[in-house]
Amino acid sequence: MKRGKHKVVPINDASDIFLSRKAGGLAAKVLAMLTPHVQPGVSTQDLDQLCHDYIVNELQCVPTNVGYHGFPKTVCTSVNHVVCHGIPDAKQILKEGDIINVDVAVTTPEGWIGDTSRMYYVGQPSNLAKRLVNTTYEALLAGIHAVRPGATLGDVGHAIQTVAHRERFSVVREYCGHGIGKVYHDEPQVLHYGTPGQGLVLQPGMIFTIEPMLNAGKAATRELADGWTVITNDKTLSAQWEHMVVVTETGFDVLTAWPEGTGDYPAI
């Protein structure tokens, strides 16, 4: 989500959270389904079609992204130096050593939206690519673990940037996490950098995404002529992970947990 104006932050009750968890779980299933298909020689359009058919035919949901502000596809496929919002294309063929973020959103029959993304390796990544992807995941976890009643969004952002800067990676600043429910991009805006103790004070029932984007080089980005694709200005690698979380009475709960578990990545 691109940063914008602030409005009121929704507080969700138990029934809302139940429906949000259902939506988040379905979105997570899409990315789990996709895992074995991310291989050299596959086009990003192939991946998009797989996700579209699975969402519509298997999950009986609506692909939220299709037509959203004119976006033409089901998922965003952001390869290597693409930061976010990459448009799937039949001419874009994945090759050995690529890294790719796939970002999916689904709308359930009840009207609730699940939104999540993850990184995939295409074959064997470079050492730098692997370190960037792993560090971005660690930064996501640090941000999630900062979520609790009475904490602030500044605490969340500071936790993320601390991990990124430790590895000399930069944090993309123009794009942020967001509130989500029956509205795709709602309040609050969740920056992935910040100062402890500053910003919105978190309350139980708030639901939002945390989706840090880290660059191997400098933080600067630019949008391509298609009006969607965002790349690193210096063409260095970029990585992103995204989960939906709800603030609970005692901390947090992840609403987009991977159905197959976290595998080689640390548990949340």
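In what follows, the accompanying structure is described. Remember, it's a predicted structure, so these values are computed and weren't measured experimentally. (Residues numbered from 1 in each chain as written. Predicted model: local features only at pLDDT ≥ 70, side-chain atom pairs only at ≥ 80, totals over all residues. Heavy atoms only, no water.)

So, the environment of Lys22
Part 1: Note on placement: Lys22 falls in helix 1 (residues 14-34).
Part 2: Relative accessible area serves as the criterion here: at 34%, Lys22 is assigned to the partly exposed category.
Part 3: For Lys22 and Thr256, which are 234 residues apart along the polypeptide, the C-alpha to C-alpha distance reads 8.8 Å. (Helix = DSSP H or I, 4+ residues; strand = E, 2+ residues; numbered from the N terminus. Buried < 20%, exposed > 50% of the residue type's maximum accessible area, 1.4 Å probe, protein only.)

Let's talk about the packing of helix 1 against helix 2 (residues 44-58)
Part 1: At their nearest, the axes of helix 1 and helix 2 sit 10 Å apart, and the two run at 135 degrees to each other. One element, helix 1, and the other, helix 2, form an angle in the oblique class. Where helix 1 crosses over helix 2, the handedness of that crossing is right-handed. Of the residues in helix 2, those in contact with Lys29, Val30, Met33 and Leu34 of helix 1 are Leu47, Leu50, Cys51, Tyr54 and Ile55.
Part 2: Broken down by class, the residue content of the contact of helix 1 with helix 2 amounts to 8 nonpolar, no polar and 1 charged. (Axes fitted to C-alpha atoms, helices over the stretch in contact; angles between N-to-C directions. Parallel < 35°, antiparallel > 145°, perpendicular 65-115°, else oblique. Left-handed = near helix turned anticlockwise from the far one by under 90°. Contact = heavy atoms within 4.5 Å. Nonpolar A, V, L, I, M, F, W, Y, C, P; charged D, E, K, R; others polar.)

Topic: helix 4 (residues 153-166)
Part 1: Between its terminal C-alpha atoms helix 4 stretches 20 Å, which fits the 20 Å expected from 14 residues at 1.5 Å a residue.
Part 2: Structurally, helix 4 contributes buried residues whose contacts are with helix 3 (127-145), strand 6 (170-171), strand 8 (186-190), strand 9 (207-210) and strand 10 (213-215). (Expected span 1.5 Å × (residues − 1).)

Some details on unusual backbone geometry
Part 1: Cis geometry marks the peptide bond from Glu187 to Pro188; its omega dihedral reads 10 degrees.
Part 2: On the secondary structure map, Pro188 appears in strand 8.
Part 3: The backbone of Gln60 sits at a positive phi, close to 60 degrees, despite the residue not being glycine.
Part 4: Along the chain, Gln60 falls in the loop between helix 2 and strand 1 (62-63).
Part 5: Look at Gln60 and you get exposed, because its relative accessible area is 55%.
Part 6: The phi torsion at His85 lies on the positive side, around 65 degrees, for a residue other than glycine.
Part 7: Mapped onto the fold, His85 is located in the loop between strand 3 (82-84) and strand 4 (99-107).

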